[in-house]
Amino acid sequence: MDENALSLENLVKEFDGKKAVNKFSLKLKKGEILGLLGPNGAGKTTTIRMIMNIMVPDSGKVQIFGKPFSEKTKDILGYLPEERGLYRKLTIIETLEFFGKLKGMKKSVIDSRGMKLLKKFDLADHKDKKIEELSKGMAQKLQFITTIIHEPDLLILDEPFSGLDPINIELVKDIILEKKKEGVTIIFSTHLMDYAEKIVDSVIMINNGIKVLEGRLDEVRAKFGNKILHLNYSGDADFVADLENVKKVRDYGNEMEIELIDMKYKDKILKQLIGKLSVNSLSITEPSLNSIFIGKVKDNEVK
Amino acid sequence: MKIWVIIKKEYKQIVKKKSFVIATILTPVLMGGFFFLPTLLTKVGRETKNIAIVDYSGMISEKLINNKDRDVQLEEKKLKIEFKNVSDVNNNQNKIINHFIGLEISINNIKKEIHEISEIYKKTKDKNDKRLILDRIKKKKLLLNEKTKELGNIDSLLMQEYRDKVIKKDISGFLIIPEKIAEVRKVYYFSLNISDFTTNKYISSRVAKILSSTILMEKIKDPEIVKIVDEATRNVVFSTFAVKEGKDSESSSSSAYMMSVFMLTILFSVIMAYGQLIMRGVIEEKNNRIVEVLISSTNTQTLFYGKIIGIGLAGLTQVLIWIAIGAVFLGKASLGIDKSITGFFTPLIVFYFLVFFIIGYFMYSVLFSIVGASVNTDQEAQQFAAPLTYLMFIPLIIGFMVTQNPNTPIVVYASLFPLFTPTLMFMRISVTMPSLFQIILSIVLSIASTMFLAWLGAKIFRTGILMYGKKPSIKEIIKWLKYK
């Protein structure tokens, strides 16, 4: 038995002569969470649509739990598409019933599991409302429930956080982690890397249809990023970028990330800051996926 | 089976709609109106006619009012005519009317004379004679003018008098019977409504009848003979038969045609409405991207057939409800629906209506769902759907030919053409039964082509429904067909 929940081999998809996805491969072990990261238009959704057999790849192979995509695999998949949509005229309960039954569930199971999930997402009071009467956030949550109600073994989530407020982002994140504990394999795409790095086991970064980086989160950080000097300050910090031994500076106005050529210069740099800036806090942090990604994309463009 | 989930959802979604409930109830009400109104109107529209008789001859009114003949009584009851005597007979009035009649007669005579003289004028060659004759004609015409003017005066005088009487009193009309009715054979009727020909005709024939039997009675004085003559001079009823090629039917041809056009309109509009419903449903799913979730749970084939069957069952439900309502109402003889209408709805016609509804629905819903899957917006859909509407319209146009010549080759071939079969073959069946062979052939042909279209449609649907953004060209659609 294949221990990979999902494996993609050299997927290629071309639109009007432009390669949206180019020789994309990945392997995802059972029970792990993979973040598919990249900017808008990188090819994330196209990749996911090919996994879901919504699009047929021009070449390459998709295998789910060691088998090619088939009608049988559909019942163990949970798919949340990038663009959300539900039947406007159905009520919440009817919606769950319809999508649950399409996944081969019995009505009694749908009802009991559905109510649990509705309570968790704070939707139980609205269960007889039509979708068109719900707020956008509520509809999003409901769509998420329809994705997991049949307790799939593999969850494929395209931008699961978009359109949600911070509280619900937390909620979805918690559910994803909960599902992981249950042994569910999860792949999700996002361009919001801050959220991704809190939950993923491994990441794949994709840009212009090409994989630019992949690996376990800690490996990626160790390999592609340097530690960063993070400070909270007030004052005029324009001079920092010109200092010796400073590789890169990201200035957010009252916060600043300084990447050094080597961490051994950190004391030297600090000395130069004191007196010119009022430093409120200081820490040495792991590089964020965001900064790794931006660096990687720029490297690519230079090449 | 996942297809049942789709079928159930599509069916429920339509049946629960308010518009479905309204259409299901309202259509029979409108149909009812269509059937009952003509009968109802003639019944309600006939108000009682109180006719006041002013009889200067003294021969007629008594017999008009106190009639003993049962048939006549029934007839008058049906027409709602009531005669009553008016003791309005005064000498002065009598003189005026006699004068009026006298004028009419002399005007007629003068006209005759002028005509005769004109004939002579034409034949006369001599110029002098001609001039003399012309003079005579002029004089006569002058006299004619004078008399006509006088007549006009009396005319308006009488009008004025009776207008007031008709309006003031609650009377529909005054029937004036002149003193010398036997000679002039003319009665005068003053009424607000003089174009009720049924009433007019009835009164004149009644008066004529009474007059002739009275005169006979006076001359022959033998009731037996009078009775025989009465019997012999009974009215002749004029009954019409329309003869057509094919089968003959009694005078109901126009209503049979009306009924078949009516049924055809229902067939056409129901198929159209449900086709459009499918199309819009597909576009909604496509735009909402619900389809991606659906496809991740089941395949496009299931979705495609589930949708068509589910919505089709909703349509069938509606049609069956209509038929049930129709059967209950048409079955009630007490409602007095025209026989030509009840006679039209034979079980066979209803059966064929259902058969062609189902075939037509599937054929066109497949086409509409293909359109829905190929486009992105409702506007685009309307563009593509327009040719489909024309396809269904053509048979309606040919349909007019059907009623005149239901068996001409062009009609026969057109009705065998699968896209036209549902409407045109049904129309032929309802007007004049074609051979069973033709009917079965048309059904087989259209089922076969519906299956082919569905096979084709499922393929286009599969690719089209996941294509967003741009409008596909025909070339691309053909490419979709080649995908495995």
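Residues numbered from 1 in each chain as written. Chains lettered and ligands numbered in written order. Predicted model: local features only at pLDDT ≥ 70, side-chain atom pairs only at ≥ 80, totals over all residues. Heavy atoms only, no water.

S.K.: Any chance you could explain the overall build of chain B here in plain terms?
M.R.: Within chain B one finds 19 helices and four strands. Here chain B holds 484 residues, and 45% of them are scored as buried. Contacts in chain B between residues far apart in sequence, at least 24 positions, make up 76% of those at least 6 positions apart. Summing over all exposed atoms, chain B offers an accessible surface of approximately 27,100 Å²; the carbon and sulfur share of this is 64%. (Helix = DSSP H or I, 4+ residues; strand = E, 2+ residues; numbered from the N terminus. Buried < 20%, exposed > 50% of the residue type's maximum accessible area, 1.4 Å probe, protein only. Contact = heavy atoms within 4.5 Å. Areas by Shrake-Rupley, 256 points an atom, 1.4 Å probe, with all protein chains shown as cover.)

S.K.: Help me understand the sheet that holds strand β3 (residues 173-177) of chain B, please; the structure alone is not making it clear to me.
M.R.: The strands making up a sheet associate through backbone hydrogen bonding, with each pair oriented either parallel or antiparallel. Residue and element names in this part refer to chain B. Read across the open sheet, the four strands follow the order β2-β1-β3-β4; overall the sheet is mixed. Edge positions in the sheet fall to β2 (81-85) and β4 (188-191), since each has one partner strand and no second. On average, adjacent strands in this sheet sit at an angle of 25° to one another, irrespective of strand direction. The sheet contact formed by β3 and β4 spans four bridges and is antiparallel. (Pairing = 2+ DSSP bridges. Axes fitted to C-alpha atoms, helices over the stretch in contact; angles between N-to-C directions.)

S.K.: Can you help me understand the sheet that holds strand β11 (residues 228-234) of chain A in this one?
M.R.: All names here are of chain A. Strand order in the open sheet formed by four strands is β12-β13-β11-β14, and the pairing between neighbours is antiparallel. Strands with a single pairing partner mark the edges of an open sheet, and in this sheet they are β12 (246-251) and β14 (278-285). Across the sheet, the axes of successive neighbouring strands diverge by a mean angle of 20°, strand direction being ignored. Two elements, β12 and strand β13 (residues 255-260), share five bridges in a ladder whose sense is antiparallel. The residue of β13 that forms the bridge with valine 249 is isoleucine 258. Sitting on the sheet, helix α9 (residues 266-273) is in contact with β11, β12, β13 and β14, with an inclination near 140° to β13.

S.K.: Mind showing me how you'd approach the packing of aromatic side chains here?
M.R.: We describe a pair of aromatic rings using the distance from one ring centre to the other and the angle between the two ring planes. All told, the structure shown has 15 aromatic pairs over all chains when counted by the stated rule. Centre to centre, the rings of Phe100(B) and Tyr188(B) are 5.5 Å apart; their planes meet at 80°, and the pair counts as edge-to-face. Of the two residues, Phe100(B) sits in helix α5 (residues 91-123) while Tyr188(B) sits in strand β4, which places them 88 residues apart along the sequence. Looking at Phe100(B), the relative accessible area reads 6%, which means it is buried. Across the ring face of Phe239(A), the terminal group of Lys276(A) is positioned such that the distance to the ring centre comes to 5.0 Å. (Phe/Tyr/Trp six-rings, centres within 6.5 Å; stacked < 30°, edge-to-face > 60°. Lys NZ or Arg CZ within 6 Å of the ring centre and 35° of its normal.)

S.K.: Explain the environment of Ile186(A) here, please?
M.R.: Residue and element names in this part refer to chain A. Examined against the element boundaries, isoleucine 186 turns out to sit in strand β8 (residues 185-190). In sequence terms isoleucine 186 and aspartate 153 are 33 residues apart; their C-alpha atoms lie 8.4 Å from each other. Apart from residues no more than four positions distant in its own chain, isoleucine 186 is found in contact with Leu28, Glu32, Ile33, Leu34, Leu155, Leu157, Ile176, Lys179 and Lys180.

S.K.: Would you mind going over the domain arrangement of chain B with me for this structure?
M.R.: Much of the literature gives interface size as the accessible area that the parts lose upon coming together. Splitting chain B by domain gives domain 1 (2-41 + 251-482) and domain 2 (47-232). Averaged C-alpha coordinates put domain 1 of chain B and domain 2 of chain B at centres separated by 62 Å. (Domains from an automatic or database assignment.)

S.K.: In this structure, what is going on with the confidence of the model for chain B? I would like to understand it.
M.R.: Residues and elements named next belong to chain B. Here chain B averages 81 in pLDDT, and 88% of its residues register 70 or above. Per-element confidence in chain B is highest for helix α1 (residues 2-15), whose mean pLDDT is 91, and lowest for helix α13 (residues 339-344), whose mean pLDDT is 68. Here residues 244-252 is a poorly scored stretch, pLDDT under 50, and it has 13 contacts once near neighbours within four places are set aside; other chains count. (pLDDT = per-residue confidence, 0-100.)

S.K.: Help me understand the side chain of Ser202(A) in this model?
M.R.: Secondary-structure assignment places Ser202(A) in strand β9 (residues 202-207). Not counting the four nearest positions on each side in its chain, Ser202(A) is found in contact with Glu32(A), Ile33(A), Leu34(A), Gly35(A), Gly215(A), Arg216(A) and Leu217(A).

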